[in-house]
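Spelled out, the chains give:
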Amino acid sequence: MEDEGERVGMAQKNNFLFSIREYRPSDQHVVMSLFCDGIREHVYPAFFKAMSHPDHIGVALSISMAGYVLGGSSYFQALLFGSAWAGLIYYCCHEIYDGYVTRKLSADMADIRANYLENPDNGFWVAEADANGQSKVVGMVAVTGKAGGEEGERFDGRNGGAMGGGSEFAQDAGDGSYGEMSHMVVVFPWRRKNLGSQLTRTALDFCKEREYGRLVLDVSSPQTEAISLYQKFGFVQTASHSDTHANRWFSKLARINVMRMEKFF
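Keep in mind that this is a model prediction, so the values were computed, not measured.

Undergrad: Mind showing me how you'd approach the packing of helix 3 (residues 43–51) against helix 5 (residues 75–105) here?
TA: For any two helices packed against each other, one specifies the crossing angle of their axes together with the interaxial distance. Interaxial distance between helix 3 and helix 5 falls to 9 Å at its minimum, and their mutual angle equals 140 degrees. One finds that helix 3 runs oblique with respect to helix 5. Between helix 3 and helix 5 the crossing geometry is right-handed. Of the residues in helix 5, those in contact with Val-43, Tyr-44, Ala-46, Phe-47, Ala-50 and Met-51 of helix 3 are Trp-85, Ala-86, Ile-89, Tyr-90, Cys-93, His-94 and Tyr-97. Looking at the contact of helix 3 with helix 5, its residues break down into 12 nonpolar, 1 polar and no charged.

Here is the structure:
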């Protein structure tokens, strides 16, 4: 059998060669940068999605009108009041994603070797692109093995939590173990080249080799392209909640939900 760190997969599209391999300690700097940038880039899409909601549009117009009246028919005051509302929504979106980055950098991402490479139940892979003779890390994904019973604790007490999926949700491997996928990031210029699919397939193959009963992941509602990708692989939404670990009002104002999606084997 080939070495697991090197054999995971290769794909070629649009004259670019991709290889998926296990993380190496020498990747630390680029992986940390890739992770931070990949998560924080969701701030703007989340902001624009929130501001386009009818409720937020109504509030923005009302606040702008109030500024116009209070300012003595001042268009500048109307713009100022409306901008203040938009600034508040942007701040909420930023705090949610930036807070996630901060938590992860002080948790599993603080020592990838110990948390992933030295634990046979976990895995961490990077994608390298070879274009014009130069190799660079352009993507990443991780899987954490979970014991049966951990998930019930995960959803206890979530504000706004909702479970779905019917009887499927109870299906698991004999010992109840499953995999949790996280840290899926692909550098923007390298998207739409089948790389996200290759990384997802790597995570799925790893779970099958470990005989996990399913692969689960959490994705925020503004990540529509990621959600579409997972649905193509047969993931279904089984839960939804609004607990982003930020202030609960931030989640409400940003209108961000966290969706749990699962793929059963």
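Undergrad: Just checking my understanding: could you explain the packing of aromatic side chains for this structure?
TA: Remark: the centre distance and the inter-plane angle together describe each pair of aromatic rings, the angle taken between the planes. Inspection of every chain in the model, using the stated rule, returns 12 aromatic pairs. Ring geometry for Tyr-44 against Tyr-90: centres 5.5 Å apart, planes inclined by 50 degrees, an arrangement best described as tilted. Of the two residues, Tyr-44 sits in helix 3 while Tyr-90 sits in helix 5, which places them 46 residues apart along the sequence. Taking relative accessible area as the criterion, Tyr-44 reaches 47% and is therefore assigned partly exposed. Assessed through its relative accessible area of 26%, Tyr-90 is described here as partly exposed. Look at Trp-125 and Phe-206: their rings are 5.1 Å apart centre to centre, the planes differ by 70 degrees, and that puts the pair in the edge-to-face class. With Trp-125 in strand 3 (residues 123–131) and Phe-206 in helix 8 (residues 195–209), the pair connects residues that are 81 residues apart, well separated along the chain. Relative accessible area serves as the criterion here: at 2%, Trp-125 is assigned to the buried category. You can call Phe-206 buried: its relative accessible area is 2%. Chaining the aromatic ring pairs together yields one cluster made of Tyr-44, Phe-47, Phe-48 and Tyr-90.

Parameters and conventions
- Residues numbered from 1 in each chain as written.
- Predicted model: local features only at pLDDT ≥ 70, side-chain atom pairs only at ≥ 80, totals over all residues.
- Heavy atoms only, no water.
- Axes fitted to C-alpha atoms, helices over the stretch in contact; angles between N-to-C directions.
- Helix = DSSP H or I, 4+ residues; strand = E, 2+ residues; numbered from the N terminus.
- Parallel < 35°, antiparallel > 145°, perpendicular 65-115°, else oblique.
- Left-handed = near helix turned anticlockwise from the far one by under 90°.
- Contact = heavy atoms within 4.5 Å.
- Nonpolar A, V, L, I, M, F, W, Y, C, P; charged D, E, K, R; others polar.
- Phe/Tyr/Trp six-rings, centres within 6.5 Å; stacked < 30°, edge-to-face > 60°.
- Buried < 20%, exposed > 50% of the residue type's maximum accessible area, 1.4 Å probe, protein only.

Remember, this is a structural readout, not a statement about activity or role.
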